[in-house]
Amino acid sequence: MGERTSWFQAAAYLSMAALAAKGMSALYKIPYQNITGDTGFYVYQQVYPLYGAALVLGTYGFPLVIAKAVVEHEGKEPLRRHLSFYLLSLVLLFAVLGTAVTASAPLTARLMGDPELTAALRWMGAPFFLVPFFALARGYYQGKHDTLPTAVSQVTEQFVRVAAILITAWAAMQAAGVYKAGISAGIGALAGGAAGLVVLYFYVRRYDGWWKMDFRLPENWLSLLGKLLKQGLFVSASAMILVLFQVVDAFTIVQRLDKGADAAVLKGIYDRNWPLIQFGAVVTTVFSYAALPSVTKYWNAGRIREASEEAAKALKICFVFGAAAAAGMAAVMPEVNTAMFTDTSGTAVLQLAAPVVLFGSLFMTAAALLHAIGKDGEAALILAGAAGIKMVMNVLLVPEFGTAGAAAASLTGTGAAAAGALYCLKKRGGFSFLPFSVTAKTAAAAAVMVPGVLLFQKAGVLLPDTRTASAGILLSASAFGAVLFIIFIWRMSLFSKEEWEELPKLHKLLPHRR
C-alpha cells in the first residue's frame, strides 16, 4: 500500500504542477492579447513556440532519461560521471540551438513571411542556455521519487515568466509598438527559467554532493548520448503535439493568406484558439494521467490485463470529458471571444477548431500510455506523421480557405494522431476500444448540454452588449452546461462505481446509482 501511495503522491505533485503551470501558460495569453491586440498576439505566437518545443524536452523528455539513470545507478560510482556527461551533452546541444535561433533570426523571419519579427526571434535564443541545468536537477529528483522540487520550480518558473511577459509587453506598447512587445516572449522565458533554477538551487543544498560533477568521459559515452537524445525526444511526444502544430502554423499561414488582407491580424485572430485548446487539454488530461503509474507497474510485472484495464479507464475519462470540453467550447465560443478577446472576430474558425481539444487530449493520453508500456518510439513516429499532415494541409487549404483551412488542418492532424496512437495501444494489448455504449451515452449527454447552453445564452440578450455582460453569461452558461452534462452521465451510469468514485468530488455530490 505504501508503494502505491508514493507512486500516486509523486504523480499528484506533478499533475498539480502541470495543471497550474499549463493553466497559467494558456490563460495569460488572454491579457497579452488584450494588451497588444491581434497583431501583437500574432507576433508572440510566431516566436514563442520555437522555445516552447525546447522547453517540452527540458521539462518532460530529458529529465525522465536522467531519472532512469539515477534509479539504475543509485549509490554507485558511475552515477556522478553519467550525470556529468548528460549535463555536458545538454549544455552543448542547447547552446547550439540557442545560438542558431539567435543567429538565424533574420532568415527565420523571412521564412515566416515577416522580416519585422527579427528582433523578437533574436531574444528567443537566450533562454535555451538555461534548459540543461533545470533538466538535470528535475531529472535527479524525479529519480529519487521526490517530485516536489520539480513541481515547485515548474510553477515558480511559469509564474515569473507570465509576470515578466505581461509587464514587458505593456511597457513596450507604451513606447514602441507590437513588434517590440514581441521581445517579451524571450525576456519572460529567460526570467522564468532563472527563477526556476533559483528554486532548484535551494533544493540542491539538501542533497549534499550529488551535484559535484565528474567530467571524465564514460566508457559507453556514445551509447549514453544516443539514449539521451532518442528517449528524450520519444518521451516528449505526448506533450509536444499542440506546440508543434503552432510551429507549423508560424511557418505556413501568413505567406499563404490573401495578399489583400491584413495577414498579421487574421493570424492573430486565428491564434486565439490555441490558449483555449491548451487549457481544455490540460484540464481534460490531468485526471486521466493519474492512471499512468499503475499502468507502468502492472505492465512491467507482466499483468497485462490489469494494465489494459487501467489504460482503458484513463482513455475513457479523457474521451468523455474531452468531448464535453470540445462541445461546450464550441457552444460558448461567441461569449468566450467577446469576454476574453474583446470582440467576436473569427468565431466560426474558433468553433471549427474546438474538437482539437478532444483529439489532442486523446493523443496526449494515448501517447503517455504508450510510453508507460515502453513504446514511446511509436508515439514519436505518429507525432511526426501528424505534423506532416498538418503542414501539407496548411499549404493546400490556407490559400483557398484562409485560417479556416488551418483550423481544419489542425483538426485532421490531431484526429489522425489520436487514431494512430489508439491503434498502436490496441495492437500492443494495452487497450480495448471504448464500447459503443460509452460513445453513445457521451454523445447523448453532449446533445442535451449544447442546446441547453445555447438556450441559456439566448436569455443573455436582455443584458447590455458589453464585455462584462459577456463574461457573466460565459461563466453562468459554462457552469450550467457542466452541471447538465454531469447529471446526464450520472443518470445514464456512464462510469462504473469504481470509476465514478475515483473522480474528484463528484461521487460525494452524486453517489453512484447502481
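Residue numbers here run from 1 along each chain, matching the order of that chain's written sequence. In view of the model being predicted, local features appear only for residues whose pLDDT reaches at least 70, and side-chain atom pairs are presented and counted only at 80 or more, with totals across whole chains, interfaces and linings using the full set of residues. Side-chain metrics in this entry use all non-hydrogen atoms of the structure; hydrogen atoms and water are not considered.

**Q** Now, about the overall build of the protein: what can you tell me, with residues and values included?
**A** In terms of helices and strands, the protein carries 23 helices and 0 strands. Contact between two residues is taken to exist if any of their heavy atoms lie within 4.5 Å; hydrogens are not considered. By sequence separation, contacts in the protein at least 24 residues apart represent 81% of the contacts at least 6 residues apart. Here the protein has roughly 21300 Å² of accessible surface; of this, 68% comes from carbon and sulfur atoms. Secondary structure elements follow DSSP: runs of H or I no shorter than four residues count as helices, runs of E no shorter than two count as strands, and numbering proceeds from the N terminus. The protein chains shown are the only cover counted for residues, whose accessible areas, like all others here, come from Shrake-Rupley with a 1.4 Å probe.

**Q** Please give an account of the layout of surface pockets that cites residues and values.
**A** Buried and open spaces are told apart on a 1 Å grid over the protein atoms alone, a cavity being a set of points where a 1.4 Å probe fits but cannot get out and a pocket being an open set with protein on both sides within 12 Å along at least five of seven lines. Residues with an atom within 4 Å of a point are the lining residues. Grid points are joined across faces, edges and corners, and a volume is the space filled by probe spheres set on the points. Taken as a whole, the second largest pocket spans an internal volume of roughly 980 Å³. Forming the boundary of the second largest pocket are 30 residues, of which Phe279, Val283, Ala325, Ser478 and Ala482 lie nearest the centre. If you list the elements that add at least two residues to the lining of the second largest pocket, you get helix H13 (273-288), helix H15 (304-341), helix H20 (436-458) and helix H21 (467-491). With 9 residues, the top contributor of residues to the lining of the second largest pocket is H15. The residue classification treats Ala, Val, Leu, Ile, Met, Phe, Trp, Tyr, Cys and Pro as nonpolar and Asp, Glu, Lys and Arg as charged. All others, Gly included, are polar. Along the lines of polarity and charge, the residues of the lining of the second largest pocket split into 25 nonpolar, 5 polar and no charged.

**Q** Please set out H20 residue by residue, giving values where relevant.
**A** For a helix, the expected span equals 1.5 Å multiplied by the number of residues minus one. Its 23 residues give H20 an end-to-end C-alpha distance of 33 Å, which sits within 8% of 33 Å, the value for a rise of 1.5 Å per residue. The rule is simple: take the accessible area with a 1.4 Å probe, protein chains only, and divide by the maximum for that residue type; under 20% is buried, over 50% is exposed, in between is partly exposed. Along H20, the residues that are buried comprise Val438, Thr442, Ala445, Ala446, Met449, Gly452, Val453 and Gln457. Looking at the buried side of H20, the elements it contacts are H15 and H21.

**Q** Break down the packing of helix H11 (residues 237-252) against helix H19 (residues 403-427) for me, citing the residues and quoting the values.
**A** The angle between two axes is taken between their N-to-C directions and runs from 0 to 180 degrees, where each axis is a line fitted to C-alpha atoms and a helix contributes only its stretch in contact. With their axes 11 Å apart at the nearest point, H11 and H19 run at an angle of 145° to one another. The two elements H11 and H19 meet at a crossing, and its hand is right-handed. Residue-level contacts link Ile241, Phe245 and Asp249 of H11 to Ala406, Ser410, Gly413, Thr414 and Ala417 of H19. Class assignment of the residues belonging to the contact of H11 with H19 gives a composition of 4 nonpolar, 3 polar and 1 charged. Crossing handedness: left-handed means the near helix sits turned counterclockwise from the far one by under a right angle, and right-handed means the same turn made clockwise.

**Q** Kindly report on the confidence of the model for the protein, identifying the contributing residues and their values.
**A** One confidence number per residue, pLDDT, is output by the predictor and ranges from 0 to 100. Mean pLDDT over the protein: 85, with 89% of residues reaching 70 or higher. Contacts for the low-pLDDT stretch residues 1-8, under 50 throughout, to residues beyond four places or in other chains number 7 contacts.

**Q** Requested: an account of the pattern of salt bridges, with residues and values cited.
**A** By definition here, a salt bridge exists when the distance from a side-chain nitrogen of Lys or Arg to a carboxyl oxygen of Asp or Glu is within 4 Å. Within the structure shown, the criterion is met by 8 salt bridges. Taking the shortest distance from any N to any O, the salt bridge between Asp271 and Lys267 comes out at 2.8 Å. Here the two residues Asp271 and Lys267 agree in accessibility, since each one is buried. Measuring nitrogen to oxygen at the nearest pair gives 3.3 Å for the salt bridge that ties Arg303 to Glu306. Through salt bridges with shared partners, one network takes in Asp38, Arg272 and Asp343.

**Q** Now, about the packing of aromatic side chains: what can you tell me, with residues and values included?
**A** The pairing test for Phe, Tyr and Trp rings, Trp by its six-membered ring, is centres within 6.5 Å, and the orientation test on the planes gives stacked under 30 degrees, edge-to-face over 60, and tilted for anything in between. As enumerated under the stated definition, the model contains 12 aromatic pairs in all. Between Tyr28 and Tyr44, the ring centres sit 6.0 Å apart and the planes meet at 85°, which makes this aromatic pair edge-to-face. Linking Tyr28 in the loop between helix H1 (2-27) and helix H2 (29-72) with Tyr44 in helix H2, this pair joins segments that are 16 residues apart in sequence. Summarising the burial analysis for this pair, Tyr28 and Tyr44 share the class buried. Seen in terms of ring centroids, Tyr201 and Phe202 are 5.7 Å apart; in terms of plane orientation they differ by 65°. Their pairing is edge-to-face. Relative accessible area serves as the criterion here: at 48%, Tyr201 is assigned to the partly exposed category. Taken together, the ring pairs connect Tyr28, Tyr32, Tyr44, Tyr48, Tyr51 and Phe128 into an aromatic cluster.

**Q** Residue-level account of the nonpolar core, with values.
**A** Tyr51 and Phe363 are the most contacted members of the largest nonpolar core, which totals 147 residues. Top element by residues in this core is H2. It accounts for 19 residues. With residues up to four places along the chain from it excluded, the contact list for Tyr51 reads Met124, Pro127, Phe128, Val131, Phe134 and Ala189. For our purposes a nonpolar core is just a set of buried Ala, Val, Leu, Ile, Met, Phe, Trp, Tyr and Cys residues, chained together by side-chain atoms within 4.5 Å.

**Q** Give me the lowdown on unusual backbone geometry, citing residues and values where you can.
**A** Here Thr342, not a glycine, exhibits a phi torsion of approximately 80°, which is positive. Within the fold, Thr342 resides in the loop between H15 and helix H16 (347-353). Taking relative accessible area as the criterion, Thr342 reaches 39% and is therefore assigned partly exposed. In this structure, Ser493 takes a positive phi of about 50° despite not being glycine.

**Q** So what about the environment of Ala445? Which residues, and what values?
**A** Looking at the secondary structure, you find Ala445 in helix H20. Given the relative accessible area of 0%, Ala445 is considered buried. Separated by 121 residues in the primary sequence, Ala445 and Ala324 place their C-alpha atoms 8.3 Å from one another. If we skip the residues at most four places from it in the chain, Ala445 touches Phe485, Phe488, Ile489 and Met492.

**Q** Give a description of the side chain of Thr414 that names residues and reports values.
**A** Tracing the chain through its elements places Thr414 in helix H19. Nitrogen and oxygen atoms within 3.5 Å of one another constitute a polar contact, given that in protein one can donate a hydrogen and the other can accept it, and given that sequence-neighbouring residues count only through two side-chain atoms. Within the local environment of Thr414, its side chain forms a polar contact with the backbone oxygen of Leu411, the two atoms lying 3.2 Å apart. Each residue touching Thr414, except ones within four places of it in the same chain, is listed here: Ile241, Phe245, Val356, Phe359 and Gly360.

**Q** Explain H2 to me, using residue names and the numbers behind them.
**A** In an α-helix, one full turn covers 3.6 residues, which means residues spaced three or four apart are oriented alike. Helix length check: H2 (44 residues) gives 41 Å between terminal C-alpha atoms against 64 Å at 1.5 Å per residue, more than 12% under. To get the bend at a given residue, fit one axis to the seven residues ending there, fit another to the seven starting there, and take the angle between those axes. Residue Gly37 marks the point of greatest curvature in H2, where the axis turns by about 120°. Most of H2 is tucked away: 33 of the 44 residues are buried.

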